[in-house]
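Geometric and topological summary
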Amino acid sequence: MAEPFLQNSDSNLHIEKWQNMNSRLKAGFTTRNGGTSQRPFHTFNLGLHVPDRKEDVITNRHKLAKDLNIGLESWVSGEQTHQTNVHIVKDEDKGKGAKSYSSSLENIDGIVTNCTGVLCTAFYADCVPLYFFDPDTEYIGIAHAGWKGTVHRIGEKMVDTFKSVGTDPANLLVVIGPCISQEVYEVDKHVTSHIPEKFFGKSVIPLENNRYLLDLKQLNVEILLQHGVQPHNIDITKYCTFTDEALFFSHRRDHGKTGRMLGYIGYTS
């Protein structure tokens, strides 16, 4: 399987295949490089919910906005509380979460829209970015799926939301973005106890002393397949936020003192 993310600058990876399908579409994932933030958030931190200087984060966001040709006033993001709530973004939501964390969509980890001139954004430092694109209805979306969101099936909730606006899941394209990989993601039984037995063998490697290696990417794939997304419509990145230290922040690797990458999808005007 070809890598869905191609690097077009020090600061940005983009989903070229999707952008070639629709010239107005912008979809991608930022790196940690090319910004103004200081250690330990160096340098392209885009998260306002970490204790970085707000001025530096806003400067970084303006840089990305200029690169994408979608102004900061048109960005929308959720609060990201590791739940499974999904919001369908309308024009009146523009700007929510763009310049202050407190203005983010409350208790939202998934956002969907078909509005032009809106950039759906979410923030990551090991959790899974799930990107969605229906070329027929032109609805797009992004979800933030940590282990809690994953095992509580935010992927299913996203598919259900797309179905509610007229998408056939068989036509839905999905990209699973950079996150922590199974090789370095050790968890305990509290986490794995939430995983259905039918998915366990495909996403979990048992270790000793009730410890396990969890494949969040594959677990999300299994959930999506169960709800009508077709295997040939799912692309999975090879990037790992933990091991690719030169490219990405990692909450686990950096012991919580780190910045956030931004996943984005939207249409230019």
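Structure report, in brief. The model shown is predicted, which means the values in this text are computed figures rather than measured ones.

So, how was this worked out
- Residues numbered from 1 in each chain as written.
- Predicted model: local features only at pLDDT ≥ 70, side-chain atom pairs only at ≥ 80, totals over all residues.
- Heavy atoms only, no water.
- Helix = DSSP H or I, 4+ residues; strand = E, 2+ residues; numbered from the N terminus.
- Rg over C-alpha atoms; globule rule 2.2 N^0.38 Å.
- Contact = heavy atoms within 4.5 Å.
- Areas by Shrake-Rupley, 256 points an atom, 1.4 Å probe, with all protein chains shown as cover.
- Lys, Arg positive; Asp, Glu negative; His and termini not counted.
- Charge placed at Lys NZ, Arg CZ, Asp CG, Glu CD.
- Salt bridge = Lys/Arg side-chain N within 4 Å of Asp/Glu carboxyl O.
- Buried < 20%, exposed > 50% of the residue type's maximum accessible area, 1.4 Å probe, protein only.
- Core = buried A, V, L, I, M, F, W, Y, C linked by side-chain atoms within 4.5 Å.
- Pairing = 2+ DSSP bridges.
- Axes fitted to C-alpha atoms, helices over the stretch in contact; angles between N-to-C directions.
- 1 Å grid on protein atoms, 1.4 Å probe; cavity = no way out; pocket = protein on both sides within 12 Å on 5 of 7 lines; lining within 4 Å.
- Points joined across faces, edges and corners; volume = space filled by probe spheres on them.
- Nonpolar A, V, L, I, M, F, W, Y, C, P; charged D, E, K, R; others polar.
- Disulfide = S-S within 2.5 Å.

Broken down by element type, the protein carries seven helices and 15 strands. Here the C-alpha radius of gyration of the protein, 17 Å, is about what a compact globule of 269 residues would show, namely 18 Å. C-alpha extents for the protein along the principal axes are approximately 50 × 45 × 35 Å. Partitioning the contacts of the protein with sequence separation of at least 6, the portion at a separation of at least 24 is 65%. Put simply, the protein shows about 11,200 Å² of open surface, and 47% of that area lies on carbon and sulfur atoms. Across the protein, the mean location of the 28 positive side-chain charges is 3 Å away from that of the 32 negative side-chain charges.

Turning next to the pattern of salt bridges. Within this structure, the stated rule accounts for eleven salt bridges. Of the charged contacts in the structure, one is a salt bridge between Glu 156 and Arg 153, with a shortest N-O distance of 2.7 Å. Each of the two residues, Glu 156 as well as Arg 153, counts as buried. Close ionic contact of Glu 222 with Lys 202 constitutes a salt bridge, the shortest N to O distance being 3.7 Å. Of this pair, Glu 222 sits in helix α7 (residues 216-226) while Lys 202 sits in helix α6 (residues 197-203), and the two are 20 residues apart along the sequence. Look at Lys 202 and you get exposed, because its relative accessible area is 53%. Connected via shared salt-bridge partners are Arg 53, Glu 55 and Asp 56.

Below, the discussion takes up the nonpolar core. With 34 residues, the main nonpolar core has Leu 130, Phe 132, Val 174, Ile 176, Leu 214 and Ile 234 as its most contacted residues. In terms of residue count, α7 provides more of this core than any other element does, five residues in total. Discounting residues that sit within four places of it in the chain, Val 174 has contacts with Trp 18, Tyr 131, Phe 132, Leu 224, Val 229, Asn 233, Ile 234 and Asp 235. One finds Leu 105, Ile 111, Tyr 131 and Leu 173 within the second-largest nonpolar core, a separate group that totals 32 residues.

The next thing to look at is the sheet that holds strand β6 (residues 110-113). Strand order in the open sheet formed by six strands is β5-β6-β9-β8-β10-β14, and the pairing between neighbours is mixed. Only two strands of the sheet have a single neighbouring strand rather than two, namely β5 (86-88) and β14 (234-236). For this sheet, the mean inter-axis angle between neighbouring strands, taken without regard to orientation, is 15°. Here three bridges tie strand β10 (residues 173-176) to β14, and the two strands are oriented parallel to one another. Looking at the pairing, Ile 176 lines up with Ile 236 of β14. Against the sheet, helix α4 (residues 154-164) engages β5, β6, β8 (128-133) and β9 (140-145), with an angle of about 160° to β9.

Moving on: the environment of Val 118. Position of Val 118 relative to the elements: it lies in the loop between β6 and β7 (119-124). C-alpha of Val 118 to C-alpha of Lys 90: the two residues are 28 residues apart in sequence and 8.6 Å apart in space.

Attention now moves to the environment of Arg 32. As for its position among the elements, Arg 32 is in the loop between β3 (25-30) and α2 (54-68). Given a relative accessible area of 8%, Arg 32 falls into the buried group. Sequence separation between Arg 32 and Leu 219 is 187 residues, and the spatial gap between their C-alpha atoms is 26 Å. If we ignore the near neighbours within four places in the chain, the residues touching Arg 32 are His 42, Thr 43, Phe 44, Glu 245, Ala 246, Leu 247, Phe 248, Phe 249 and Arg 253.

Considered as a void within the structure, the largest pocket measures approximately 410 Å³ in volume. Surrounding the largest pocket, 18 residues form its lining, His 82, Ala 125, Asp 126, Cys 127 and His 251 being those nearest its centre. Taken together, the residues of the lining of the largest pocket break down into eight nonpolar, six polar and four charged.

All chains considered together, the criterion is met by zero disulfides. Note on Cys 240: no disulfide assigned, nearest cysteine sulfur contributed by Cys 179 at a separation of 7.3 Å. Note on Cys 240: relative accessible area 4%, which makes it buried.

All buried positions along α4 are accounted for by Ile 154, Gly 155, Glu 156, Met 158, Val 159, Thr 161 and Phe 162. In this structure, the buried residues of α4 make contact with β5, β6, β8, β9, α3 (147-151) and α7. Following α4 by one or two positions, Gly 166 has its phi on the positive side, about 105°.

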